[in-house]
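Summary of the model geometry
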Amino acid sequence: MKIIYSHLKTWLPDLAIDAKKLRDDLTLIGHFSSGYEEIDSEIILDLEIRQNRADCLGYYGIARDLAVFYKINLVLPQINTINYSNTPVPITISSPDVHRIQATSISNIKNSLPPDWLIRFLKLHDINSINTLVDLTNFIMLEWGIPCHAFDTNKSTKLIWENNQRYSEFISLDGTKIKLQPQNLVISDGKEVLSLSFIGGQNSGINLDTTDSILEMAVYNRSRVRNDSRSLKTITEASIRLDKELDTETIPLAFSHLISLILKHCHAIVSGKLLDVYPVKIPPLPIAFDSQKPSLYAGIDIPQNDTLKRLGCTIKNNLITPPSLRKDLTIEEDLIEEILRFYGYNKIPTDQPVDPTPLPDITPPILYLIEKLKDDLVALGYDEVRSWPLVRHCEEPCDAAISTQNSINSDYPYLRQSIIQSLQNQYFQYEKYKLINQKFYEIGKIFSLENGQYIEKYALGMYNSDSEELSRDARSCVSTDKIKLDGSFAQIILDDLPKPDKYIPQIINNTAIELTSQIITLDANVSYDSPQDSTKLIEKYTSLIDPSILWSIEIADIYQNRYTFRVSYYNCDALTAKKVHLNTFNLN
Amino acid sequence: MDNLSKIQSESKTKIKTATTSAELEKVHIELLGRHGLLHKLFSDIKNQPDPKAYGQQLNRLKNEIEELINKKSLSVETHDRASPQKNNKTVFSLPKLGHLHPITITERQLNELFRKLGFSLYDGPEIETDEYCFQRLNVPIDHPSREMQDSIYIHEPEHLLRTQTSSIEARLLTQEKPPFKAAFPGRTYRNEKVTKSNHFIFHQYQGVAVDKNITLKDAIGTFNTLFKGLYGNDVHARYRCKYYPEVEPGMGFDLECFSCHGAGCSICKGAGWIEMGGAGIIHPKVLTMAGIDPKIWRGFAFALGLDRWVMAKFNIKDIRTLLGGNLAYKPNEP
């Protein structure tokens, strides 16, 4: 949800702090501000509104929170009294998914291109301007967080809210054909679908020639909207709001505001009665609240304060009834959070961790075994790798393989049945980078389907080009004869092995390199007058080469007093490697 | 299509009977080379009665042959290396050191810090049920917060790859009797495209402490101890309200940006802070569903995302490196 700092001040005229402080304060009270930018001389804050705070998907809800936090007044927009006529609005509600709707008819509309302030306001919220009437409905949605809609009554004379039984298609405002499904909540004229609950349609759209309209604002069963939006793969600003728990009690205020603005900017008249269909009113339930609890939960003394009152709660002894707007407040802990967030989490001491007295150890012993094996393998010179547990192909028996149903990365549909599959991929990758003579291992899960059950087991996989050494190393780490050897690879299932009662692993700090180009390996022959100390030679040449490109250096051959050095370079191109190599060994 | 089955069978035999890399290379050229069998078949697609279906069959065959040759190359390579004339072992090199993966290193540091605070470790399955991944964490079906996590299903809607390590928390709460303290590093999955900055597999570090008088102060003090242990006494952390369905009150925590030290930069998007994770007091419904009486027991739960943390620490620019073949270690350096 984007908010314009200057516009927020129309709701909070006494807001006297700068926008950066406001951003930080909003974050502290639960509205994480992920963006701060200046566009067209306006400061825009981008707030992450969490799923429980549908009321904050409009300026109204955010301003209410800030009024409590800063202890300043909330000023509602000027809303004129609307004089409705007695002519009924031709609307039929036959869907139980309509929780509340207000609607009326307006006539003599002089629709026009929108005023600059409105175009600019919507643009700063990433909404395209259409015409004054449509833009005002979007403006109201941003103000109050509740979507509303206008229908051209010259195109459709009656409106029916129903769950789809007979329509197959709907054409949205931008001309997209949407295939409908049974039970979708639709607004029809009895012949065709004019609109969905969260997106307007082409066949009732408002344009500059529109003179008569039905305006409506509704709150629906959020699950219905969510299902429709997801199943029809259509997400709109309206669906983002309507698929959450919106406040039916806010509708009268917001709808009146909409009508006021349309009368003012489109010079229209109200020609219909106010339709207010509100089948089941569910008032907020009182919550038993112990005023000592905020201190008990925080771990510090939280002074009594008037936060709940300022939030609009009704307080009767120890019973707190939240305002209708705050659908997220249903249990005592919700109220505790309200008090603590306005008190400030940042006032809770940071130097008193949980009591460190150990409780009975519930660590599964296999985790100790895994840590021990990692240390043993590192000591034997093996590098640890981690790879994708999803692989391209299943292994035999293929019907024991588990596959994913909906992964975006559908080239890798199978959960690996053997860790060797993953290690082979790793080997090919290393080969691509010309990284040879590696010894590496991975410990991770392998998966199979057995008798209709999903089975996961921990497996150790090892690679060593020297298969004899591999076999020896594997046997030195685990006491089992169930080592599966496959050429240069080995796999051992860990679940059935004996496990240590306890193992505290070493803290090892090693570096790791992100390879971006191939390793370049070059040889150099250097002759000496007498036998040399190999270690000193390696040290000497290592010190001569820039460590940021030196991968490794070794002596590949010694013949009489001629030494063949094999040097591997990385992070550089072949030309650079060759140049460095020639210089280092005086081969020019 | 019968012709393709025959080619498939003959190719498998040829690959199987190759015993040296030279022989395998010969088979490779014969089948996949520029003038090889597959190339000829591909150029004949347009003459087939159903070119599209034939092309798809052919592609599958090509992939299968490539994979078989790749696999076979591993065993012939072993065979080659065992031959004395090709043994190119070095005469002298510094000792080859083994290395731990950066994620393991980071997990161990965290494990050690939590161990000192009396925590055990815990574990759970990667294929989870909807019940443990969502419902027992106070996220019923149709709850809007499910949109925060796009799931990869094994069998929709019941079985999925866990989207969060909170599922381990749900199992722990059900399986153990309080009081307990446990941390659980783990791999999680979400249905997202893999790019340089985004992965569908990522790593979380989660934990819970359940006892009689657990408070937010305990949680905040624990995280601060943790951050100081990792980054030193000068580290600045920020604790703020944040909604998560499984906790109430909920909390998010950030560290002052390592790069700009709070001034605001491109890394922290001008905020001066980097989001590290979330926490809170375990929701009474979550405890009740696990059979733990919330009137007696209270607990805090927390979760940290490890990947970006590890990337920053090890100077890794591409998130794909963490689970792929281009992460390597210098053989003679720790």
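Residues numbered from 1 in each chain as written. Chains lettered and ligands numbered in written order. Predicted model: local features only at pLDDT ≥ 70, side-chain atom pairs only at ≥ 80, totals over all residues.

Looking at an unreviewed UniProt entry, chain B carries the name phenylalanine--tRNA ligase. Recorded in UniProt under Catalytic activity (unreviewed entry), the annotation for chain B is "tRNA(Phe) + L-phenylalanine + ATP = L-phenylalanyl-tRNA(Phe) + AMP + diphosphate + H(+)". (UniProt positions renumbered as here; feature names shortened; annotations may be inferred.)

By the naming in an unreviewed UniProt entry, chain A is phenylalanine--tRNA ligase.

Overview of the overall build of chain A
Assigned secondary structure in chain A consists of 16 helices and 29 strands. The C-alpha atoms of chain A give 35 Å as radius of gyration, which overshoots the globular expectation for 588 residues (25 Å, by more than 25%). Out of the 588 residues belonging to chain A, those deemed buried represent 40%. (Helix = DSSP H or I, 4+ residues; strand = E, 2+ residues; numbered from the N terminus. Rg over C-alpha atoms; globule rule 2.2 N^0.38 Å. Buried ≥ 20, exposed ≤ 12 C-beta atoms within 10 Å, placed from the backbone.)

Some details on the overall build of chain B
A count of helices and strands for chain B gives ten helices and twelve strands. In terms of C-alpha radius of gyration, chain B reaches 27 Å, well past the compact-globule figure of 20 Å for 334 residues. In terms of overall dimensions, chain B has a C-alpha envelope of 75 × 55 × 40 Å along the principal axes. Here chain B holds 334 residues, and 45% of them are scored as buried.

Some remarks on the environment of B:Pro179
Among the secondary structure elements, B:Pro179 is positioned in the loop between α7 (166-175) and β6 (180-189). Of the residues examined, B:Pro179 has 16 C-beta atoms within 10 Å and is grouped as partly exposed. The spatial distance from the C-alpha of B:Pro179 to the C-alpha of B:Lys212 is 7.6 Å, given a sequence separation of 33 residues. Leave out the neighbours within four places in its chain, and B:Pro179 touches A:Leu359, B:Val210 and B:Asp211. (Contact = placed C-beta atoms within 7 Å.)

Focus: the environment of A:His267
All names here are of chain A. Tracing the backbone shows His 267 in the loop between α8 (251-266) and β14 (269-270). In this structure His 267 comes out as exposed when scored by C-beta crowding, with 12 C-beta atoms within 10 Å. Distance in space between the C-alpha atoms of His 267 and Asn 108 is 7.5 Å, their sequence separation being 159 residues.

Quick look at the interface of chain A and chain B
Counting from both sides, the interface comprises 102 residues of chain A and, opposite them, 100 residues of chain B. Grouping the constituent residues of the side of chain A that touches chain B by class yields 48 nonpolar, 34 polar and 20 charged. Pairing geometry for strand β28 (residues 550-559) of chain A and strand β1 (residues 92-93) of chain B, over two bridges, is antiparallel. Among the inter-strand pairings, A:Ile555 is bridged to a residue of β1(B), identified as B:Phe92. (Nonpolar A, V, L, I, M, F, W, Y, C, P; charged D, E, K, R; others polar. Pairing = 2+ DSSP bridges.)

Concerning the sheet that holds strand β22 (residues 439-450) of chain A
All names here are of chain A. Taken in spatial order, the five strands of this open sheet run β19-β22-β23-β25-β24, and their pairing is mixed. The outermost strands of the open sheet, each flanked by one partner alone, are β19 (383-384) and β24 (483-486). As paired elements, strand β23 (residues 453-464) and strand β25 (residues 489-493) share five bridges and run antiparallel to each other. Its bridge partner lying in β25, Gly 461 is registered against Gln 491.

Quick notes on the UniProt feature "domain: B5" (unreviewed entry) in chain A
In this structure's numbering, the residues bearing the UniProt feature "domain: B5" (unreviewed entry) are residues 278-350 of chain A. Between the first and last C-alpha atoms of residues 278-350 of chain A the distance is 49 Å; the span itself is 30% helix and 11% strand.

Description of the domain arrangement of chain B
As far as domains go, chain B holds domain 1 (2-86) and domain 2 (102-323). Distance between the C-alpha centres of domain 1 of chain B and domain 2 of chain B: 47 Å. (Domains from an automatic or database assignment.)

Let's talk about unusual backbone geometry
Residues and elements named next belong to chain B. That bond from Glu 156 to Pro 157 is cis: its omega, 0 degrees, falls within 30 degrees of zero. Residue Glu 248 is joined to Pro 249 through a cis peptide bond whose omega torsion reads -5 degrees. Residue position: Pro 249 is located in strand β9 (residues 247-256). A positive phi angle, close to 65 degrees, is found at Asn 138, a residue other than glycine.

Some remarks on the packing of helix α5 (residues 132-144) of chain A against α8(A)
Residue and element names in this part refer to chain A. Across the interface, α5 lies against α8 with an axial gap of 10 Å and an inter-helix angle of 150 degrees. Judged by the inter-axis angle, α5 sits roughly antiparallel to α8. As for the relative orientation of α5 and α8, their crossing is right-handed in sense. Within the contact between the two elements, α5 uses Thr 132, Leu 133, Leu 136, Thr 137, Ile 140, Glu 143 and Trp 144 and α8 uses Ala 254, His 257, Leu 258, Leu 261, Ile 262, His 265 and Cys 266. Looking at the contact of α5 with α8 residue by residue, the class counts come to nine nonpolar, four polar and one charged. (Axes fitted to C-alpha atoms, helices over the stretch in contact; angles between N-to-C directions. Parallel < 35°, antiparallel > 145°, perpendicular 65-115°, else oblique. Left-handed = near helix turned anticlockwise from the far one by under 90°.)

What to know about the domain arrangement of chain A
Under the domain assignment used here, chain A contains domain 1 (2-70), domain 2 (91-277), domain 3 (287-345), domain 4 (365-493) and domain 5 (520-584). Put simply, the middle of domain 2 of chain A and the middle of domain 3 of chain A, counted by C-alpha atoms, are 36 Å apart.

Here we look at the sheet that holds strand β3 (residues 42-48) of chain A
All names here are of chain A. The strand order β1-β3-β2 describes an open sheet built from three strands, whose pairing is antiparallel. Only two strands of the sheet have a single neighbouring strand rather than two, namely β1 (2-4) and β2 (32-39). Strand after strand, the sheet turns through a mean of 25 degrees between neighbouring axes, direction not considered. Inspection of the sheet shows β1 paired to β3 by three bridges, in the antiparallel sense. Across the sheet, Ile 4 pairs through a bridge with Ile 44, a residue of β3.

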